[in-house]
Structures are given as structure tokens and as C-alpha cells.
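# Secondary and tertiary structure notes
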Amino acid sequence: KQWYQRRVAITAGMAVEAKYQPDPTSYDYDAPLTECGDVTSKYYAIRDAIKKHRPMIFDESLLSKVHNSTKKAYGKVYLEKILPFTSIKELSTSTFTTQGPTPLTFEDVKQDFGYVLYEPGFSIPSQSDNEIELTIDKPRDRVTVYTDGKFVGAIYRNDKIRKLKIPKFERLSLLAENMGRINYGPHIHDFKGILGDIKLSSGARVTSWKMWTLPLNNTKSANFRSLHQDHTEPGCLLQGTFQVDSNPADTWIKMDWFTKGVIFVNNRNVGRYWPKEGPQRHIYVPAVWLRRGSNTLTLFESDALPNNRMNLFVELVDHPDLGGVKTDLLNVKYF
């Protein structure tokens, strides 16, 4: 028989038990090998048991060649460039317009992963109330709401009440995120995007929608500018560089100071982060995706930035953190 013996790196997984919930980017099911290929005590226990009962299948010369990988903490990576939310459409791979109150799904626009940005296809009449209630009955999976380019909140498929109070606005932007497809059971037909009508308590009825596909598989082409030249708001891409002076080693990105998004190293998607939800707090970066010299780290932050917005950084550390959930990360002191 075959052993399922490795913690698998996967960035699109979601589990459904009582509710739709995140799987770790690093599957931590107590496997004999970790995500970076390190052997564990379970590996040795299994190996010794097989050796005891089936010694004829063992090649002793191979056993001595099992070594754990080299790890390194590369330190802080300062994020000095930005693509603001107002320019995020530059990364759109296609644009769609539909007539009617219900916008198109990810499947309609033939997008497998990432985000789709929804905006009304015409100007919404001015609102008389200072605060409006937005209702999205079927968000799949999470819709981040921006008014006039500023983050307001989010509506998540797990929310019991899928409504959000928003201020008066000139422009409404709804960024739908595909957080991972259900791949078993009665809910396997898991369409993504905004599946139903979108309602405003002001009475305004949106009968036309424009959509921009944002798989974020083309961040290399982003027109980044200096962070100090642009007002920093959530919904932005941030970028920094770090040096690798010797042979690359495995490392992990510590994301404690950010809220929710996705991160890339040398234009490779290394995973999502959502430390408040947990359980995983460090994102694994394999050595083979690094290179000697300059390396690029890019992240998309949809929700909230650390307080010190002119001194943003992440940290590359030499160990994983797959467990433990802190519920108040926004108040962590940012050094």
C-alpha cells in the first residue's frame, strides 16, 4: 500500500463541516514529512516498523541519504512600492458588461481563481441618507466593499447576516474573492462570485454591471510607484525586494501585521494569508523559488494595513507557524 506521507502545499483549499472554513496552506495532518520535506518522528517510526517486518525491501544505503533542508531567516523585507486600488484595473485580464440586476459569476467569465471586481454599469442616483445598507445574499466566497476607493467592510458567505452599512458614495466597488472550491459532498457545485441580486436600502436598483477579472497571475506587469508618492489604502499591491547572498534556503513569510490577502515571491503565488482566522501564520517559500541576488516579494492586501503605513514590512523567518489563533492582531505593536 502507499503512504500519504507528506504535508501538501495547497493554496485553494476549503473544508466544509458545519461551515465553510479555511484549510492551512500547509496541510498539517501530522504527516511523516513536512511541507518542506523534513522528516519527523513519525517518519522514523514508520520506517523502523517496515524495516522490522519487511527487511527485504530496504536498501540501507539509501536511508543515510535522508536529510532535512537548510532554512534561513532573511529578515525584514520593506515594502517600498505600491499599486493603489484606484489602479488595480490595470491588472485585469478581461472586462465584461451585463444587463440586469444579477452580475456574472467566475464561471461565466471563465476565471478559475483570484478575484473579480464588480461595479455598477452606470452612476447610481445620489442617496438622501448618510448611511446605506448593502445586501448581498449569495457572496461566493467573500466580497470586500469599497466606496470611492476606500475600504468599508466585507460580506462573507459564513455571515449569518449578509448586510453592511456603507456611507454615501459616488462609486461602489465590490471585490469578490474565490477562497477555494468545495471538492466533495453535496455542495460540490460551488460557483464563485456574486450569485444573486445586490440590494441597496436607498431604493436604487442596479440593472447593469461591469466586471474586471483579476486572477493576479500577472503582477510582474504592474505599474508600481514609490510608496511615499501615493496615499496608502487597503485594496493595494505592495512590493519590496530582499537579497540572497549564498545558496537559497527554505524560508517562511511572517504575516502577523497584515490582515487578508495573497502573497507572491518572484511572481510565484506562495499562498493566501488571513492570520486573524488562522490557524496558519507563516507562509512557506521553497528554496528552489529563490535565486542568488535580488528577489521580489509582492502582496495584495484587501482589508487593513498596519498603522505605520510609511514603514511597511514583512519578515522572512526560519521556521513555520501552523497553529494558534490570535483574535486581536490589529493591535499588535508594529516595530
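What counts and how
- Residues numbered from 1 in each chain as written.
- Predicted model: local features only at pLDDT ≥ 70, side-chain atom pairs only at ≥ 80, totals over all residues.
- Heavy atoms only, no water.
- Phe/Tyr/Trp six-rings, centres within 6.5 Å; stacked < 30°, edge-to-face > 60°.
- Buried < 20%, exposed > 50% of the residue type's maximum accessible area, 1.4 Å probe, protein only.
- Helix = DSSP H or I, 4+ residues; strand = E, 2+ residues; numbered from the N terminus.
- Lys NZ or Arg CZ within 6 Å of the ring centre and 35° of its normal.
- pLDDT = per-residue confidence, 0-100.
- Contact = heavy atoms within 4.5 Å.
- Pairing = 2+ DSSP bridges.
- Salt bridge = Lys/Arg side-chain N within 4 Å of Asp/Glu carboxyl O.

Quick look at the packing of aromatic side chains now. A complete count under the given rule lists 9 aromatic pairs for this structure. Ring centres of Tyr146 and Phe151 lie 6.1 Å apart, and the angle between their planes is 70 degrees; on these two criteria the pair is classed as edge-to-face. Looking at Tyr146, the relative accessible area reads 0%, which means it is buried. Since its relative accessible area comes to 28%, Phe151 is described here as partly exposed. Pairing Trp252 with Tyr284 gives two aromatic rings, centres 5.4 Å apart and planes at 40 degrees, and the pair type is tilted. Linking Trp252 in strand E18 (residues 251-254) with Tyr284 in strand E21 (residues 282-285), this pair joins segments that are 32 residues apart in sequence. Cluster of aromatic residues (ring-pair linked, three or more members): Tyr78, Trp257 and Phe313. Across the ring face of Trp212, the terminal group of Lys89 is positioned such that the distance to the ring centre comes to 4.0 Å.

Residues of the chain with pLDDT of at least 70 account for 86%, and the chain-wide mean is 86. Here strand E1 (residues 14-16) is the element of the chain with the lowest mean pLDDT, 57, and strand E22 (residues 293-301) is the one with the highest, 98. Segment residues 1-12 is flagged for pLDDT under 50; beyond a separation of four residues in sequence, or across chains, it makes 39 contacts in the model.

The next subject is the side chain of Thr298. Inspection of the secondary structure assignment puts Thr298 in strand E22. On the basis of relative accessibility, which here comes to 2%, the residue Thr298 falls in the buried class. Excluding anything up to four places from it in sequence, Thr298 contacts Thr219, Phe224, Leu237, Leu238, Gln239, Val262, Ile263 and Phe264.

A few words on the sheet that holds strand E19 (residues 261-265). Strand order in the open sheet formed by 6 strands is E16-E4-E17-E22-E19-E20, with antiparallel pairing between adjacent strands. The strands lining the two open edges of the sheet, one partner per strand, are strand E16 (225-226) and strand E20 (268-273). Looking at chain direction, E19 and E22 are connected through 5 bridges and run antiparallel. Note that in E22 the partner of Phe264 across the bridge is Thr298.

In total, this model carries 19 salt bridges according to the counting rule given. Linking Glu177 and Arg272 is a salt bridge whose minimum nitrogen-to-oxygen distance equals 3.5 Å. Taken together, the residues span a long stretch of sequence, with Glu177 in strand E12 (residues 172-178) and Arg272 in strand E20 at a distance of 95 residues. With a relative accessible area of 2%, Glu177 lands in the buried category.

What follows concerns the pairing of E12. The buried count for E12 comes to 7 of 7 residues, which makes it a mostly enclosed element. Burial of the side chains of E12 extends over both faces: Leu172, Leu174, Ala176 and Asn178 are buried on one face and Ser173, Leu175 and Glu177 on the other. Two strands pair when backbone bridges link them, and strand E6 (residues 114-120) and E12 are joined in this way by 5 bridges, in the antiparallel orientation. Residue pairing for E12: Val116 is matched across the bridge by Ala176. With 6 bridges connecting them, strand E9 (residues 142-147) and E12 associate as antiparallel partners. Bridge pairing in E12 links Tyr146 to Ser173.

Moving on: unusual backbone geometry. Put simply, Arg140 and Asp141 share a cis peptide bond, and its omega is 10 degrees. As for its placement among the helices and strands, Asp141 is situated in the loop between strand E8 (139-140) and E9. In this structure, Asp148 takes a positive phi of about 50 degrees despite not being glycine. Turning to its location among the elements, Asp148 is positioned in the loop between E9 and strand E10 (150-156). For Asp148, a relative accessible area of 36% translates into the label partly exposed. Positive phi, close to 60 degrees, is recorded for Leu216, a residue that is not glycine.

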